[in-house]
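Each chain, written out:
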Amino acid sequence: MVISVRDQVLPHLAWHRLGEYLHETQLLGSIQATLYWDQNTTMPTESASWRAEQLTLLARQLHSRQSSDHFADLIAEAKAEFHQMRQSGDLNLKEIEDREKNIELLEIDLGRQKRLDPDLVSSLAAAKAKGYSLWQHARSRSEFECFAPALRELISLRKEQARQLSEQRSCWETLAQPFEPDLTIGRLTELFEPLRKSLPQLIEKVKGRERPISSQWDLSATSQKTLCNQLLKEWGRDSRITCIATSPHPFSITLGPKDFRLTTRIVDGQPLSCFLATAHEWGHSLYEQGLPNQSHQWFAWPLGQATSMAVHESQSLFWENRIARSRAFSERFWPYFAKEGAPLNCGLDLWQAMNPLIPGCNRVEADELSYGLHILIRTEIEIALLEEDMEVESLPKEWNRRYEDLLGVQPENDREGCLQDVHWSEGQFGYFPSYLLGHLISAQLAEAMTATLQKLGIDDEDPIEKCIRNGDESTLLSWLRKEVHIHGRKMNAETLVERVTGTPLSSSAFLNYLQRKLDIVNCAS
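Residues numbered from 1 in each chain as written. Predicted model: local features only at pLDDT ≥ 70, side-chain atom pairs only at ≥ 80, totals over all residues. Heavy atoms only, no water.

This part takes up the overall build of the protein. Across its full length, the protein holds 21 helices and three strands. Its C-alpha atoms give the protein a radius of gyration of 24 Å, within 12% of the compact-globule value 24 Å for 525 residues. When the backbone C-alpha atoms are referred to their principal axes, the protein occupies close to 70 × 60 × 45 Å. Going through the 525 residues of the protein one by one, you find that 55% of them count as buried. Pairs at least 24 residues apart make up 74% of the contacts formed inside the protein by residues separated by at least 6 positions. Total accessible area on the protein is roughly 23,000 Å²; 50% of this is exposed by carbon and sulfur atoms. Across the protein, the centroid of the 57 positively charged side chains sits 2 Å from that of the 74 negatively charged ones. (Helix = DSSP H or I, 4+ residues; strand = E, 2+ residues; numbered from the N terminus. Rg over C-alpha atoms; globule rule 2.2 N^0.38 Å. Buried < 20%, exposed > 50% of the residue type's maximum accessible area, 1.4 Å probe, protein only. Contact = heavy atoms within 4.5 Å. Areas by Shrake-Rupley, 256 points an atom, 1.4 Å probe, with all protein chains shown as cover. Lys, Arg positive; Asp, Glu negative; His and termini not counted. Charge placed at Lys NZ, Arg CZ, Asp CG, Glu CD.)

This is how it looks when you write it as C-alpha cells:
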C-alpha cells in the first residue's frame, strides 16, 4: 500500500498546500523555459508563429496561477499558520527567518501579478516571440528597419506594463525591478558616473598598443568546441545535469533542479569568442547550481532563486574575466590551444590575446577595459526610449553617435551596431545595467575572497591567481558557494555585497583591478 503526502496528517498543512501549488506553477514555468531553449537552439525558423501561440498560452496560464484569488488565499493561510507556529515555538530560528522571507517575497510577486491585465500579459508574450523572430531576420540582413516595428510595439507594451504596475518609480525603474530589485536611476548614476569619467582615461593610456596575435589567426568550429569541453572538464562539469548547445546569442537557463543548460556561439575570425562565452555562461550555471534549490521544495520557493541579475553577472564575469582571462590561467591552458593549431608559443601569447585592451563595436567580444562603456551606451539609450520620447527610427544613428563619442569607433552596419544584442527583441528593458553592476560586484567580492584566502594560509600576493595556477578553482568555487550562492533571494544585491565585503557597493574595487591589470600589461610589453 502506497501512502501519499496528502494521506498523512501534516503539522504544516497550509505551508505544504502552498508548496504544492508553487511546485505546479514552477513545472509550468519550466515548460515555458524549455520552449524558449528550443526556440533559441534547434527550432526551425518557420515554426516561429506557432511557437508564439504556445508561449502566449503558457504566459496566460502562468499569470492566471500567479495572480489568482486561490493563490492569494494559500499565501494568507500559510502566513497565518506560520505566525501560529512561531508563537507556539514549533519553528527554529532559521525556519522562522526563511518562512518569513518567503512569504514577504510571495506577497510582493503576487501584488505585481494582480495589477497586470491578462490581455497585456498575452500581448507581451506574443510580441516577444515575434520580436525575437524579426530580430533574427533583421540581424541576418543587417537591416534595422525590419525590426523597428516590433521594437516599437514592445516599448509601447512595456510602458503600459509600468503604468499598470503603478509603482512609486519611473517607467524604466519599474521595468528594471525583476532584474535588479530596489534599483533607482539615481543610484545607478552614483555608481556609474566614476566609470564614465575614468574608463576613457584608462583606454587612452593603452592607445597605440600593437594588436594582439589573435587578430591574425582563427580556429575551426571543431577545435573551438574541443577547447570549451576541456575547459568545462577542468572546471568540474557534470554532464548528467548539464547540456551545451549553440545559439545566435549565448545564454544560460535552468529548466529544473538538475537540468542546467547553456549555449555558446562560433564567430568567424574570433577564435576566443566561443571559449570566453562558454566561461561566462558556465559562471551563470554554477551560480544556479549552487542556489538552495536542489530539492523540489526549494526549487519552487522564492529563496531558491537568484537575488538579482547583477549578482548573477558577477558570477559569470568572475569565471570569464578573473579566471579565464588571468595570466595564471593562460600559462596553464595555452598548450591546449597550441595543440588545436593556434600560433601560440607560451602563456604570455594567449594572455595577450585574451586581453586585447582595444575598443571595438561588439559588447560580447569586448575586453574588461571598454566593456563598461558598452553598457553605459545601452542604458542611456533605453532610458531615452522609455522616458524621453526618443524615436525608434533614430536608434541606429544615435547608437553610432554614442559609440563614436565614448569609444571612438563606428559600427559598419546595423548588425555590428544596434542589432547585436537580443535583449530588446524580448522586451528586456532594464537588464543591461546588471552587466556593469556585475563587474563592480565581482571585483569587490574578489577583494573579500583574497583576504579570506590569505587568512587560510594561501601565502601569495594574489592568492586567487595562485589557486588558478595550481588548477585549484574548486577552492574559489567553495568560497562563492558559502558566501554568495547559499543566500538565494534572501537579500538584495547591495545588501549581499555589504554583508560579504563589509563595505557598500562602489566602483573603487573595479577601477583598482583595471589599473593593476594595466600595470601588468605595461610590464609584459
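From this point on, the discussion continues.
Before going further, it helps to examine the environment of Q136. Topologically, Q136 is positioned in helix α5 (residues 118-141). Using a relative accessible area of 29% as the deciding quantity, one classes Q136 as partly exposed. It is 28 Å that separates the C-alpha atoms of Q136 and D405, two residues lying 269 residues apart in sequence.

Another aspect to go through is helix α6 (residues 144-165). Taking 1.5 Å of rise per residue, the 22 residues of α6 would be expected to cover 32 Å, and the 31 Å separating its terminal C-alpha atoms lies within 8% of that figure. Positive backbone phi, approximately 50°, marks S166, located one or two places after α6. (Expected span 1.5 Å × (residues − 1).)

One way to put it is that helix α14 (residues 347-354) packs onto helix α21 (residues 508-524) with a least axis distance of 12 Å and a crossing angle of 135°. Taken as axis vectors, α14 and α21 run oblique relative to one another. Here the hand of the crossing between α14 and α21 comes out left-handed. Where α14 approaches α21, its residues L348, W351 and Q352 are matched on the opposing element by I520, V521 and A524. Grouping the constituent residues of the contact of α14 with α21 by class yields five nonpolar, one polar and no charged. (Axes fitted to C-alpha atoms, helices over the stretch in contact; angles between N-to-C directions. Parallel < 35°, antiparallel > 145°, perpendicular 65-115°, else oblique. Left-handed = near helix turned anticlockwise from the far one by under 90°. Nonpolar A, V, L, I, M, F, W, Y, C, P; charged D, E, K, R; others polar.)

Our focus in this paragraph is unusual backbone geometry. A positive phi angle, near 50°, is found at L357, a position not held by glycine. Within the secondary structure, L357 is located in the loop between α14 and α15 (368-387).

Our next topic: the nonpolar core. Counting residues in each nonpolar core, the largest one holds 128 residues, and the members touching the most others are F144, L151, W235, F318, F337, L395 and L476. Leaving out residues up to four positions away in the same chain, F144 has contacts with L151, V392, L395, P396, D414, C418 and L419. Core analysis: the second largest hydrophobic core is formed by 14 residues, A78, I103, A300 and W301 among them. (Core = buried A, V, L, I, M, F, W, Y, C linked by side-chain atoms within 4.5 Å.)

Time to look at the sheet that holds strand β2 (residues 252-256). Adjacent strands of a sheet pair through backbone hydrogen bonds, lying either parallel or antiparallel. Reading across from one edge, β1-β3-β2 is the order of the three strands in this open sheet, with mixed pairing throughout. Each of the sheet's edge strands pairs with one partner strand only, and the pair in question is β1 (242-246) and β2. Across the sheet, the mean angle separating the axes of adjacent strands is 25° when strand polarity is ignored. Strands in contact with helix α1 (residues 13-41) are β1, β2 and β3 (259-264); relative to β2, the strand with the most contacts, it is inclined by about 140°. Along the sheet, helix α10 (residues 273-290) makes contact with β1, β2 and β3, crossing β3 at roughly 160°. (Pairing = 2+ DSSP bridges.)

What follows concerns the side chain of E81. Here E81 is to be found in helix α3 (residues 69-88). A polar side-chain atom of E81 sits 3.0 Å from the main-chain amide nitrogen of L13. (Polar contact = N/O pair within 3.5 Å; in protein donor to acceptor, adjacent residues only side chain to side chain.)

This paragraph deals with the state of the cysteines. Going through the model one piece at a time under the given rule, you end up with zero disulfides. In this structure C361 is a free cysteine whose sulfur lies 12 Å from that of C418, the closest cysteine sulfur available. (Disulfide = S-S within 2.5 Å.)

With that settled, the discussion passes to the pattern of salt bridges. The final tally for this structure, using the stated rule, is 36 salt bridges. Salt-bridge contacts for D38 lead to R51; the nearest nitrogen and oxygen are separated by 2.9 Å. Note that D38 is positioned in helix α1 and R51 in helix α2 (residues 48-67), a separation of 13 residues in sequence. Assessed through its relative accessible area of 21%, D38 is described here as partly exposed. Under the relative-accessibility criterion, R51 is labelled buried at 10%. Of the charged contacts in the structure, one is a salt bridge between R261 and D259, with a shortest N-O distance of 2.5 Å. Given the relative accessible area of 17%, R261 is considered buried. (Salt bridge = Lys/Arg side-chain N within 4 Å of Asp/Glu carboxyl O.)

Here helix α13 (residues 327-339) is 13 residues long and its end C-alpha atoms lie 19 Å apart, about the 18 Å a rise of 1.5 Å per residue gives. Along α13, the sharpest kink reaches roughly 45°, centred on F333 and followed within four residues by the proline P335. Among the residues making up α13, those that are buried are A328, F329, S330, R332, F333 and F337. Its buried side turned inward, α13 meets α9 (221-234), α10, α12 (309-324), α14, α18 (463-469) and α19 (473-483). (Bend = angle between axes of the 7 residues up to and from the residue.)

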